[in-house]
Structure formats: C-alpha cells, structure tokens
Amino acid sequence: MNDRQRLTQHAITPKKSLGQNFLHDPNALEKIAESADLPPDATVLEIGPGTGNLTHVLARHAARVIAVEIDDRLIPLLESEFAAIPAVQIVHADILKCPVTDFVGTEPYYVVANLPYYITSAILRHVLESVPRPVRLVITVQREVAERIVAEPDDMSLLAVSVQFYGQPQIVTHLNAGAFWPRPDVESAVMRIDVYPTPPVDVPDERQFFRVVRAGFGQKRKQLRNAISAGLSIPKDQTDALLTGAGIDPRRRAETLTLDEWAILTRAAALPETQP
Ligand code: SAM
C-alpha cells in the first residue's frame, strides 16, 4: 500500500502546515540510511516519521529507532505499522518542546530525518545545541538551505556559521520534487553533518561567540563596523579599534569572515557574561 492509500484508509490528508511531504523513492530512502554509516548497535532519533517510510529502512540499519512525530492523526497509523518491530519506538511529541536527551538518553545517538522544512533552522539549532550532541546527522532539507549551510567565506550566513561551528556539513545528493508525495514546491538535498567532538575554533564561551556572530549578521550587507557597533552597543570608534586589533578590516561584511576570524573577534571583544 502506498502513502496515499494508507492515509486515505485512515481518513488523513497531508498537512502543508506541518511540512508533510512523504518521501517514497526507495533508492533515496536507502541512500539516506546508508549515508548515516550507522554501527549495528546505533540509536537513531528520527524527527517526523510521517507514514514511516524512512523509519522502516532505518530499523534495518540500527538497533533502536526513536521516531518523534507531532501529528496526532499519524500516531495510530505508525503504532500499528511498527507494532511487530520492537526496535522502533513511536513518540508523540513536538521535537522542539523538550530536550533531545529526553528522547534518547545520554548514550551516543544519530539523527536521521526528512525534516519539516518550515522549522529546519530551529531543529538544527535545537539538536546541535543539545548535550550530548549527536554523533552525526543525515537530514533532507530544502536544496537552497543545504547550499547555504555548506557555504564558504564571502557567502556565509548565521545559519552556515551555526552549523559549521558544530560539525562538518556536506551535500550527499539532490532529490527532485517527484521523489515526494505530495510534491513540494522546492527541490531537496540530503546532507550529512559530522559533529565535531569539540568546536574547531577556540572560543572562551559558545554564548559569547554566537552573541558576536549574531551582531555581525544583524544588519544585512552592512559593514562590520556598523553591524557590530549596533549589535553589541559599542561606540563606532571602539568598534573600529576592536576589529582592527583582531586583524579584520572594519569595512568588511559578515558574509566574508571565516570561523577562525569570528573566534578571534570573540576573544578580542571579551564580552562580560552579563551583557545580553
Ligand atoms: N519521514 C517521513 C518521510 O520521509 O516520508 C515524513 C517527512 S515530512 C517531510 C516531515 C514530518 O515531520 C511530518 O510527518 C510532520 O508531521 C512532522 N513534524 C512537523 N513538525 C514537527 C515537530 N515540531 N516535531 C515532530 N515532528 C514534526
């Protein structure tokens, strides 16, 4: 039975507002699971199992799959689908509402998911800031978002810095809209993010690093001297001195900075803990 038939049987219509585009291409599903390089004893957190297409494939690759789905209409369907597969645990929850460790505990885990695109950035932040972080993520996202995440200096964004601070992202493959039902309006890409045991740059404190980065990207396409001055409430002449002291031309834009330069700037700024 395909997705359309199964949903019709349960009188369910896909909800666009929950990003419900179900991936039915068997080659794509297998490629996603293989790209996660899961050890046989792996615990996988799947965000948004939908009708369970990817969940079935993951259950063949991992010891344990914890599938967290927000849509209460899909829970009975998933529970009956996986009743005979004890490796799969269906959880009815909003992934953003509780710490990831509430679902997976403190053992090493992997995140594999065809993400609901409307909350891609929020989920990435939620997962990458969790403690402990996953070993690796393999996620399907909008193609344009995947390209932004793997960007290099000159085209960096807050999203690219936020992901690259925690892990090494790569695009595994592209998926066209026909691989999904209903067809999304956008192209998709499968990404693999190998999470670093420790961040690749030396910063005194992650919160300070992101305070500086957010300030830098706070004013789109503005010179750093203006963005940092406004974002960190530092007078312009002091901002110029700070940037120059960090070896960064104050006229540069945030998009051009490397991760290392953001770290140098964070250390130079030495923000007090209490500053918002
Ligand atoms: N994994 C399925 C597949 O590949 O066919 C479905 C993927 S579909 C793109 C995204 C799924 O995420 C939907 O089932 C949707 O209901 C679910 N979802 C949306 N927001 C969620 C949230 N905040 N927490 C958990 N699941 C969510």
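Residues numbered from 1 in each chain as written. Predicted model: local features only at pLDDT ≥ 70, side-chain atom pairs only at ≥ 80, totals over all residues. Heavy atoms only, no water.

**Some thoughts on the environment of P39**
For P39, the location among the structural elements is in the loop between α2 (26–35) and β2 (43–47). It is 20 Å that separates the C-alpha atoms of P39 and N114, two residues lying 75 residues apart in sequence. Residues in contact with P39, not counting those within four places in the same chain, are H61 and Y110. (Helix = DSSP H or I, 4+ residues; strand = E, 2+ residues; numbered from the N terminus. Contact = heavy atoms within 4.5 Å.)

**Points about the sheet that holds β2**
Here 7 strands make up an open sheet; going across it, the order is β4-β3-β2-β5-β6-β9-β7 and the pairing mixed. Edge strands, defined here as strands with exactly one partner in the open sheet, are β4 (88–92) and β7 (167–175). Put simply, the sheet's adjacent strands are angled 20° from each other on average, direction ignored. With 8 bridges connecting them, β7 and strand β9 (residues 188–195) associate as antiparallel partners. Each bridged residue has a counterpart across the sheet, and for T173 the counterpart in β9 is V190. Sitting on the sheet, helix α8 (residues 158–166) touches β7 and β9, and the angle it makes with β7 is about 115°. (Pairing = 2+ DSSP bridges. Axes fitted to C-alpha atoms, helices over the stretch in contact; angles between N-to-C directions.)

**Describing the packing of helix α9 (residues 206–216) against helix α12 (residues 259–269)**
Look at α9 against α12: their axes get within 9 Å of each other, and the N-to-C directions meet at 110°. Here α9 is positioned roughly perpendicular relative to α12, judged by the angle of their axes. Every residue of α12 that contacts α9 at Q208, F209, V212, V213 and G216 is listed here: L259, W262, A263, L265, T266 and A269. (Parallel < 35°, antiparallel > 145°, perpendicular 65-115°, else oblique.)

**A short note on the site of the ligand**
The environment of the ligand is made up of 24 residues, and the closest members are L23, G48, E69, D94 and N114. In the model, an oxygen atom of the ligand is placed 2.6 Å from a nitrogen or oxygen of the E69 side chain. Measuring from a nitrogen atom of the ligand, one finds a side-chain N or O atom of Y118 at 2.9 Å. Judged by the fraction of its atoms near the pocket grid, the ligand is located in the largest cavity. Looking at the shell around the ligand, the elements with two or more residues in it are β1 (22–23) and β3 (64–69). Taken together, the residues that form the shell around the ligand break down as 13 nonpolar, 7 polar and 4 charged. (Near = heavy atom within 4 Å. Polar contact = N/O pair within 3.5 Å; in protein donor to acceptor, adjacent residues only side chain to side chain. 1 Å grid on protein atoms, 1.4 Å probe; cavity = no way out; pocket = protein on both sides within 12 Å on 5 of 7 lines; lining within 4 Å. Sits in = over half its atoms within 2 Å of the grid points. Nonpolar A, V, L, I, M, F, W, Y, C, P; charged D, E, K, R; others polar.)

**Regarding the domain arrangement of the protein chain**
By domain assignment, the protein chain separates into domain 1 (3–195) and domain 2 (206–269). One C-alpha centre belongs to domain 1, the other to domain 2, and the line joining them spans 34 Å. Taken together, the contact between domain 1 and domain 2 spans 12 residues of the former and 12 residues of the latter. Of the roughly 1100 Å² buried between domain 1 and domain 2 on both sides combined, carbon and sulfur atoms contribute 72%. For domain 1, the biggest contributors to the area lost against domain 2 are L158, V161 and F165; these three give 46% of the whole. (Domains from an automatic or database assignment. Buried area = accessible area lost by both parts, 1.4 Å probe.)

**Quick look at empty space enclosed by the protein**
A full pass over the atoms with the stated rule returns 1 cavity of 30 Å³ or more. Taken as a whole, the largest cavity encloses approximately 410 Å³ of empty space. Looking at the largest cavity, it is lined by 33 residues, and the ones nearest its centre are I47, G48, E69, N114 and P116. Broken down by secondary-structure element, the contributors of at least two residues to the lining of the largest cavity are β1, β2, α3 (53–61) and β3. Considered class by class, the residues forming the lining of the largest cavity number 20 nonpolar, 10 polar and 3 charged. (Points joined across faces, edges and corners; volume = space filled by probe spheres on them.)

**What about the pattern of salt bridges?**
A complete count under the given rule lists 17 salt bridges for this structure. Two residues, E30 and R60, come together in a salt bridge whose shortest N-O distance is 3.1 Å. Of the two residues, E30 sits in helix α2 while R60 sits in helix α3, which places them 30 residues apart along the sequence. Using a relative accessible area of 24% as the deciding quantity, one classes E30 as partly exposed. Here R60 falls in the exposed class, since its relative accessible area comes to 59%. (Salt bridge = Lys/Arg side-chain N within 4 Å of Asp/Glu carboxyl O. Buried < 20%, exposed > 50% of the residue type's maximum accessible area, 1.4 Å probe, protein only.)

**Describing the packing of α9 against helix α10 (residues 224–232)**
Two elements in contact, α9 and α10, have axes whose closest approach is 7 Å; the angle formed by their N-to-C orientations is 125°. Between α9 and α10, the interaxial angle falls into the category oblique. Both α9 and α10 take part in a crossing whose hand is right-handed. Here α9 contributes R211, V212, A215 and G216 to the contact with α10, which in turn contributes L224, A227, I228, G231 and L232. The class makeup of the residues in the contact of α9 with α10 is 6 nonpolar, 2 polar and 1 charged. (Left-handed = near helix turned anticlockwise from the far one by under 90°.)

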